[in-house]
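The chain contents come next:
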Amino acid sequence: MPEELTAELEIPEAKNPVESLLRMERMPHIWCPGCGIGTTVNCFARALEQSKLDLDNVAIVSGIGCTGRVAGYLHLDSFHTTHGRAIPFATGMKLANPELKLVVYSGDGDLFAIGGNHFIHAARRNVDMTVICVNNLIYGMTGGQVAPTTPVTAKGTTYPYGSYDPPFNLPYLADSSGAVYVARWTTYHVRHVTKAIKEAINTRGFSFVEIISPCPTLYSRRNKLGDGLDQMNYYKENSEIRNGADTKEVGMDFQGKIIVGKFVERERKTYRQLMNEHLTNVFGDQFTPYEG
Amino acid sequence: MPEELTAELEIPEAKNPVESLLRMERMPHIWCPGCGIGTTVNCFARALEQSKLDLDNVAIVSGIGCTGRVAGYLHLDSFHTTHGRAIPFATGMKLANPELKLVVYSGDGDLFAIGGNHFIHAARRNVDMTVICVNNLIYGMTGGQVAPTTPVTAKGTTYPYGSYDPPFNLPYLADSSGAVYVARWTTYHVRHVTKAIKEAINTRGFSFVEIISPCPTLYSRRNKLGDGLDQMNYYKENSEIRNGADTKEVGMDFQGKIIVGKFVERERKTYRQLMNEHLTNVFGDQFTPYEG
Amino acid sequence: MNADKKAVLTGAHFIDGDHAACEGAIAAGCKFVAGYPITPSTEVVERIAARFPLVGGIFVQMEDEIASSIAIQGAVWAGKKAMTVTSGPGFSLMMEHIGFAAITETPCVFINVQRGGPSTGLPTLPAQADMMQARWGSHGDYEIIAIVPNSPQECFDLTIRAFNLAEEYRVPVLVMMDECVGHMTEKVEIPEADKIEVVERKFTEKPPGEYRMFDTNGSMVPEMVKAGAGYRIHLTGLTHDDRGYPAMSPVVHNKMLRRLVDKVLLNEEKIRHIEEDQVEGADVVVVSYGITSRVVLPAVNKARKDGIKVGHIRLITVWPFPESYIRELAKKVSAFVVPELNLGQIVYEVERCAAGNAVTQLVSHAGGAVHSPEEIYDEIKGVLGHA
Amino acid sequence: MNADKKAVLTGAHFIDGDHAACEGAIAAGCKFVAGYPITPSTEVVERIAARFPLVGGIFVQMEDEIASSIAIQGAVWAGKKAMTVTSGPGFSLMMEHIGFAAITETPCVFINVQRGGPSTGLPTLPAQADMMQARWGSHGDYEIIAIVPNSPQECFDLTIRAFNLAEEYRVPVLVMMDECVGHMTEKVEIPEADKIEVVERKFTEKPPGEYRMFDTNGSMVPEMVKAGAGYRIHLTGLTHDDRGYPAMSPVVHNKMLRRLVDKVLLNEEKIRHIEEDQVEGADVVVVSYGITSRVVLPAVNKARKDGIKVGHIRLITVWPFPESYIRELAKKVSAFVVPELNLGQIVYEVERCAAGNAVTQLVSHAGGAVHSPEEIYDEIKGVLGHA
Amino acid sequence: MARTEIRIAGFGGQGVILSGYIFGKAASLFDVKYATLIQSFGPEARGSACSAQVVISDEPIDYPYIRKPDIMVGLSQEAFTKYCHDLKPGGILITEEDMVSVDENLISEFDHYTVPATRIADQLGRRIIMNMVVVGCFAAVTGLLKKDAVKKAVEDSIPKGTEELNIKAFESGYKHGLQILKQREVQETE
Amino acid sequence: MARTEIRIAGFGGQGVILSGYIFGKAASLFDVKYATLIQSFGPEARGSACSAQVVISDEPIDYPYIRKPDIMVGLSQEAFTKYCHDLKPGGILITEEDMVSVDENLISEFDHYTVPATRIADQLGRRIIMNMVVVGCFAAVTGLLKKDAVKKAVEDSIPKGTEELNIKAFESGYKHGLQILKQREVQETE
Amino acid sequence: MKKVRGTVIIKDDSCKGCAFCVEFCPTDALHLSDRYNAKGYRLPELLDPEKCTGCGLCGLYCPDFAIHGYIIKKVA
Amino acid sequence: MKKVRGTVIIKDDSCKGCAFCVEFCPTDALHLSDRYNAKGYRLPELLDPEKCTGCGLCGLYCPDFAIHGYIIKKVA
Ligand SMILES: Cc1ncc(C[n+]2csc(CCOP(=O)(O)OP(=O)(O)O)c2C)c(N)n1
Ligand SMILES: Cc1ncc(C[n+]2csc(CCOP(=O)(O)OP(=O)(O)O)c2C)c(N)n1
Ligand code: SF4
Ligand code: SF4
Ligand code: SF4
Ligand code: SF4
Ligand code: SF4
Ligand code: SF4
Ligand SMILES: [Mg+2]
Ligand SMILES: [Mg+2]
């Protein structure tokens, strides 16, 4: 900051607003230059702030991966579990204490490779939680292997000549499994991401936000797509906002168009609502609702 | 058979046609009176016969469950694997020997509870195999617990006051994961089931046939729905054939209408086709296609 | 603390071991159970599912055992007591999360109703062949506590004890039942709630600023907090320092691991739970556990009638293994006879601790049924050349 | 049989242990690899993925380790040699399928590149803490073979040996590497294809009518067939009879289990692979394996210079444990020193077999790094009061 | 009373396990004895021959399975054939009169009683309570447990609202048992 | 030659590991020595300070890690600061001239050489080959390995098509190293 | 002479009396008889041989592989 | 006097030079300077203070929490 200015100004926000949500003692974080994960954390922090939730009641659960490290940097009750198992951990937590707001924050490999079953089952049950997936189209933490999101022809270390393994269309999978809120944005769309996260955590039930995010170190470099900034510009130029799009239609190709937007927003009773209503029906007064 | 008749007749088919496909030395089977699994086996046997496949090249893979025991009764190369893992076993087998025709034959719990992830991933990859799911809406083998297919309000031992756990709509899940052939029938529709299985095994890619089937011992009895025959009559009276129906619309309610039919039939390259084409593109002559 | 009156089914019941274990869990204050059906354990969760709506608890049937074994840990960090229940194949799938519970010091209970293995094996018949798996089945070094009931009554009693030990030491506690005990129906006396001692979780009294997650303040077991209490904790399965933060350092790893292990091993005498019968002055001592301990009795009685000085010890807590106890005993007796419903597991520990001071003789039964008392009798006689 | 010329990368290479293991697998005739990435093992499958399209093999990245560990068994029954590769957390997830491979006698190879545990632990740093898990991690009784390389060269050599042993005994064979060996780069000499001995699968020559799947005809290992060959076999993870059919009977179970275990244990001497150094006449013998065996050398040399009669044995095959060998040796030496990158695992076996005839001293390092030679030296000196 | 081993065998749906459960419960909750019930589980046990094993004793029961039953109750031919060889020579054998035909040779080896339980149940209006007739007969002819204890166990083990019918069945069975005993006494006196 | 321990340290992207790989390969494939290379892995090792450990010896190498390196190559300030304390007193220290400033006190403890590798690489047209300059300099000043062996290892370890440039860089580094040695000789002679 | 086109074979031992065959025979040719097999299951029987067309549907339904129908080639 | 509405604070140590802030500042107020931090990353800098509106977008983009912009309440 130019010196002349600082001298004469009051500085009302000398602290980066995200910092109040971070464990600053753990900075710098491990993410690479130009990695988009940190950007998503900014959005998440703003969304949380705007949501006016009591932050003491927010619990973050991550699996394992570069994105999985998010939990460790957030100054919230945060749980860095095992690879793929953030959702069932969060399910246990949410069912055991309905007062908690559960946010699962993890990577595409974690949530949809090893963790795919938990995702579809939690969505089916409509357990009240928000799942944020930072989709960098690759396994970052382990060094750039192909993920079930990697577009065909893109290279990863395990498909070094280009992948021929057709990827999932995540919003479609979420939609067809029963998620009540489904949106996709990229790290370029910081304001949309913020809004989407806010909407998702304010939605009762299983909500899902996918954020396409650059992994310069492993995805872009190997695929000769430049650095993080190049990916961001690709997102900027090739994203098409199509709110309400049929999720069937939003699959992604290698460096093709990215359909973003809020795709699904619907009402469904949560697992706990269904349970309480059903058991009250059956037992009337005798039913002892779970106090916790 | 009335005695007068037998005396004077030539009996051209004294052997039940299904017997040539069965390990008769293992009969009687373990299935309860009125259980529909045996009926599906009849259909499967007919379908296989009609398909004119070389039966030595057909491999059956089951998981664990009442339906899982099918593998053990079929006189084919048959594999009774672990609970939920029939599909990845079959994936390994098919990729290792493309000459084999792979049929996964298992229960709803096996394929969609513990095995759900393998199902969606194999469908995504479009590994060439046929998955036959005998959906009795319950875990039979373990004694009648609720499955991820059990309709809400139906009782299982683990939701003894009626389930409030919303079930999957299996054809929709299969469809959205990428299956190239998706059909649902009931054990009442024996001819349709036969035809569907035949079509499925003749389709290249990941095909899926769901067969709704009675479990009198555990599902019907606990839910006061009578015996196997009562369930069959319910299927007869409440099924509606709607070929080409949007799979989104074919979810099932407790004793409600059952939409049956062939829902999906589409073309997609199989995993192996994609692989061979891609690697040939990359390597030309240097590519050494897998000889197996 | 005593058990919750409303939840405890005080009185005498004729129920099987699975159901008794369920009642034990409820009496111990368990409020969350996640499970996935598997023979011969399912009756535990079936009863839980029937009972919880009336006593205030949540049962959820998860999509598999992996999910169950981590969901309970989520519930624990939400402040509840929780358990899961399974048998061999499901137990194998839970191994990763036993390690997670160990490294995160998450108090929780796993019930394994053992059946014949390996793999699908003999689903409806008993075995004791997951005993070593209970200790060694997850990767890396860690210690757990494993206890083995031999009757429905003990399924009740020891499930309570399991929950109590879990809270006391912040370890996963494994209740290693078997099909025979699980499916056997006997009288189970459930005491009045205020006669049941229940160990409550030791939540810290420190305010958020002062609390450090894995700082034990000189004791071996750190105090807990729960999510939503304002502590803003971080929990990880990575090697971590006192604050709970990842630290990829051999030094931190060493410190963390040693405490995880020591809090169990150095407290072995306190955790120890052994039933002794005429061990004083015995020539031969039978070392048994679980259902096998009952089959031993007719054999021991017969041998005693023959004039053989035979003692019997029953390991109720099998892990941590009562190492010093067996070491001392080995110096006094000539032989150990170790009957197991497996091809030899706990006998390895007995033999090791005997250190050549006493002969160790396995009486192996592959499972599917229990030993005949004669098999055991023969070894008691044979081991010292009485035959 | 010899290796396939086209596939073998004959020559001297400067590569790491992971890559060497990949080359070993290819040389051994492995044609199918299913895997799921995990540090520090991923380089094995990454190289496989790069090499297979050029030598005719299929690599598939599965959705998780559970899928990988069963997909390879499907491939084996389709007639191929197959393996999977993982590290701690993934290894824990594979436990159920190690049991399945054991009971179905499916020859296959699992590589576990050990890292610090439990749980996520120290993902990028070495340990030897899955050694007991390798033997006991799946439910039920069974035996496997586990071998432990200490250099990239051995990663190559022993991976071939692993495939050969798998075929010979029809068991899962576990190659228990560690992060240090896996990521260490050294010279690896790959011989000419016709110098590499490869054991081919023993397919039966009996016609379909006469062949019984698990009839061993007096040997201990039944002959195999593959799917598609007209035998119409049935394979199950349930307890099964000679035909491979389920038989829920303790008698059948006993027969089946004893053979599964005996074919490994009774052949222990044949499978045994030990490197001995100045054991004859030694007072103290260091027993080591894997990377630790290299760290031992400077310590042993120093102790010898001090005049201590110290021998060194390195276990290359750790499971089946060379029980009779250690038993005999214990009678001749005063002490064993057992350094391990864990809190004590194989030392339990050494101590048991020593049976009080020799002192057994663990030198434990929690992992994350290797021992310093001094730690080991101190124990060599200390154990006999030389200090 | 020393250890008494009992096997009840029939096919699924006959209430075999419940019968065993009632004996065990009667002994351990309403009489002053110990009891252990063991049953077969699993799909293999569904439908076809199914059996309950009960051990009753004055002392704590160690070995939980039965090895040479003192008493056997056979309710179906298949089950009877499968298990009858185990019965201790001289042991008590109770069979359903219409369901099981017992070989002459065997009868002489055992202390044999038959009970037309199905017929009696049919007369009472519900075949399903056949097993309570058997329980009643068992109580009478074995004298192993106090009648009251068994009756209480019956009441305590059946669905609410069906007490009357079940107790009627029990009493009929008990009466039938007493009658046989009386006849025998008469015969023996003669 | 006895066991020689070498550390090369810098930040990610500088080709630190490749340099170590080349030394090891040169020694074990193209010279007649043994070599072991160990590198740090993982996300913690990405970006920031990264290091390669090489042991070279005439005899088989037992202990694979370095403990007190005989030689250290420092390519970034951060890495240098982190690792320089390990270096054996009197050991050879090679640093990148523009990237690393070395404390006067330290210089006197070690046998210190600097190489303007980045500048030289820039002159040759591609900064990325900076590490080959370092390798060349290392070969010259340490004399540990035959020059030819190192050169061959360079050729054998780089992407096809880049040989010329890399060898040029190597030769420049080598020349620079020889020059320093010569200067020293001169100085010492003086 | 009667016109018999088809008939069925029933394996008494295998039947479990579910009555699928009886219910779904398109010509109502079968009925549940008064015979029970050794396991106590009530057996089906061809009530009216003339009705049977030998369509085989009973066999396609039978979960116990206990019945199968077929067309009679040669009629006496 | 210049009209300065907003400004940014940059933490040099945290920056990794990705240039997200520079690229996506809606008013192009930032540029990559010639300064490098200790880790060798090139640092952004407020090129034209007048342009900065204090919209905060740079901070929302910055993956390293190294920059944040804000509206100046009191202008000298
Ligand atoms: C059971 C298990 N298997 C594998 C791993 C290794 N592993 C760690 S993170 C990861 C994938 C990470 O990819 P993703 O979830 O997309 O996160 P990213 O790093 O890309 O943010 C894998 C395979 C593990 N830790 N545990
Ligand atoms: C890992 C594991 N978990 C649980 C089980 C127990 N189990 C066996 S079959 C089964 C479910 C069977 O349900 P389904 O697949 O619907 O088959 P069905 O019996 O209804 O045909 C379960 C949970 C097991 N064998 N293995
Ligand atoms: S590897 Fe990729 S995802 Fe991981 S921190 Fe680096 S850039 Fe981000
Ligand atoms: S339990 Fe149900 S599914 Fe299983 S065999 Fe019996 S009827 Fe069929
Ligand atoms: S063959 Fe056809 S017509 Fe004849 S009995 Fe069977 S179903 Fe009826
Ligand atoms: S369908 Fe089969 S089992 Fe059922 S009644 Fe007919 S013949 Fe018997
Ligand atoms: S606050 Fe807004 S205008 Fe100012 S530099 Fe940042 S992005 Fe640009
Ligand atoms: S966005 Fe952040 S890390 Fe990137 S250049 Fe700007 S201040 Fe530096
Ligand atoms: Mg990712
Ligand atoms: Mg089912």
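Residues numbered from 1 in each chain as written. Chains lettered and ligands numbered in written order. Predicted model: local features only at pLDDT ≥ 70, side-chain atom pairs only at ≥ 80, totals over all residues. Heavy atoms only, no water.

## Concerning the sheet that holds strand S12 (residues 284-288) of chain C
Residues and elements named next belong to chain C.
Thought 1: Taken in spatial order, the 5 strands line up as S11-S13-S12-S15-S16 in an open sheet, and their pairing is mixed. Two strands lie at the open edges of the sheet, namely strand S11 (274-277) and strand S16 (359-364), each paired on one side alone. Neighbouring strand axes in the sheet, compared pairwise and without regard to direction, differ in orientation by 20° on average.
Thought 2: As defined by bridge partners, strand S15 (residues 335-340) adjoins S16 across 6 bridges and the pair is classed as parallel. (Pairing = 2+ DSSP bridges. Helix = DSSP H or I, 4+ residues; strand = E, 2+ residues; numbered from the N terminus. Axes fitted to C-alpha atoms, helices over the stretch in contact; angles between N-to-C directions.)

## Considering the site of ligand 6
Thought 1: The full set close to ligand 6 counts 13 residues, and Cys15, Cys18, Ala19, Cys21 and Cys62 of chain G are the nearest of them.
Thought 2: For the shell around ligand 6, the per-class residue count stands at 10 nonpolar, 1 polar and 2 charged. (Near = heavy atom within 4 Å. Nonpolar A, V, L, I, M, F, W, Y, C, P; charged D, E, K, R; others polar.)

## Looking at the pairing of strand S1 (residues 58-62) of chain B
Looking down a regular strand, the side chains alternate between one sheet face and the other.
Residues and elements named next belong to chain B.
Thought 1: Buried residues dominate S1, accounting for 5 of its 5 residues.
Thought 2: As judged from the 4 bridges shared by S1 and strand S3 (residues 101-107), these two strands associate in the parallel manner. Paired with valine 61 across the two strands is valine 104, which belongs to S3.
Thought 3: Two strands pair when backbone bridges link them, and S1 and strand S2 (residues 77-80) are joined in this way by 4 bridges, in the parallel orientation. When the sheet's bridge partners are listed, alanine 59 is paired in S2 with aspartate 77. (Buried < 20%, exposed > 50% of the residue type's maximum accessible area, 1.4 Å probe, protein only.)

## Considerations on the site of ligand 1
Thought 1: Around ligand 1, a shell composed of 24 residues is seen, among which Cys66, Thr67, Asp108 and Asp110 of chain A together with Glu65 of chain D lie nearest.
Thought 2: More than one chain approaches ligand 1, the contributing ones being chains A, C and D.
Thought 3: Between isoleucine 138 of chain A and ligand 1, the recorded distance is 3.0 Å, taken from a backbone N or O atom to an oxygen atom.
Thought 4: Here ligand 1, which alone exposes 590 Å², has 98% of that area covered by the protein.
Thought 5: Elements with a minimum of two residues in the shell around ligand 1: helix H5 (108-114) of chain A together with helix H4 (88-104) of chain D.
Thought 6: For the shell around ligand 1, the leading source of residues is H5 of chain A, giving 4 residues.
Thought 7: Of the residues contributing to the shell around ligand 1, the split by class is 11 nonpolar, 9 polar and 4 charged. (Polar contact = N/O pair within 3.5 Å; in protein donor to acceptor, adjacent residues only side chain to side chain. Areas by Shrake-Rupley, 256 points an atom, 1.4 Å probe, with all protein chains shown as cover.)

## Quick word on the relation of the copies chain D and chain C
Thought 1: Note on the identical chains: chain D maps onto chain C by a rotation of 180° and an axial translation of 0.0 Å, with an RMSD of 0.0 Å. In short, the pair behaves as if placed about a two-fold rotation axis. (Least-squares fit on C-alpha atoms with pLDDT ≥ 70 in both.)

## Some details on the confidence of the model for chain C
Thought 1: Mean pLDDT over chain C works out to 97, with 99% of the residues at or above the 70 mark.
Thought 2: Here the complex is predicted with pTM 0.97, and the ipTM for its interfaces comes to 0.97. (pLDDT = per-residue confidence, 0-100.)

## Some points on the sheet that holds strand S3 (residues 101-107) of chain A
Thought 1: What the 9 strands build is an open sheet, ordered S7(A)-S8(A)-S5(A)-S6(A)-S4(A)-S3(A)-S1(A)-S2(A)-S10(C); its pairing is mixed. Of all the strands in the sheet, just strand S7 (239-241) of chain A together with strand S10 (234-236) of chain C have a single pairing partner and so form its edges. Within this sheet the neighbouring strands show an average axis-to-axis angle of 20°, counted without direction.
Thought 2: Judged from the 4 bridges that link them, strand S5 (residues 181-186) of chain A and strand S8 (residues 258-265) of chain A form a sheet pairing that is antiparallel. Within the sheet, the bridge partner assigned to valine 182 of chain A lies in S8 of chain A and is valine 264 of chain A.
Thought 3: This element, helix H4 (residues 86-96) of chain A, spans strand S1 (58-62), strand S2 (77-80), S3, strand S4 (129-135) and strand S6 (206-212) of chain A of the sheet and lies at about 175° to S3 of chain A. (Contact = heavy atoms within 4.5 Å.)

## A closer look at the coordination of the magnesium ion (ligand 9)
Residue and element names in this part refer to chain A.
Thought 1: Protein-derived ligands of the magnesium ion (ligand 9) are Asp108 (OD), Asn136 (OD1) and Ile138 (O), with the metal-ligand distances lying across 2.0 to 2.1 Å.
Thought 2: Ordering the donors of the magnesium ion (ligand 9) by residue number gives the pattern D-x27-N-x1-I. With aspartate 108 in helix H5 and isoleucine 138 in the loop between S4 and helix H7 (170-177), this pair connects stretches of sequence that are 30 residues apart.
Thought 3: On the basis of relative accessibility, which here comes to 1%, the residue isoleucine 138 falls in the buried class. (Donors = N, O, S within 2.8 Å, 3.2 Å for Na, K, Ca; no water.)

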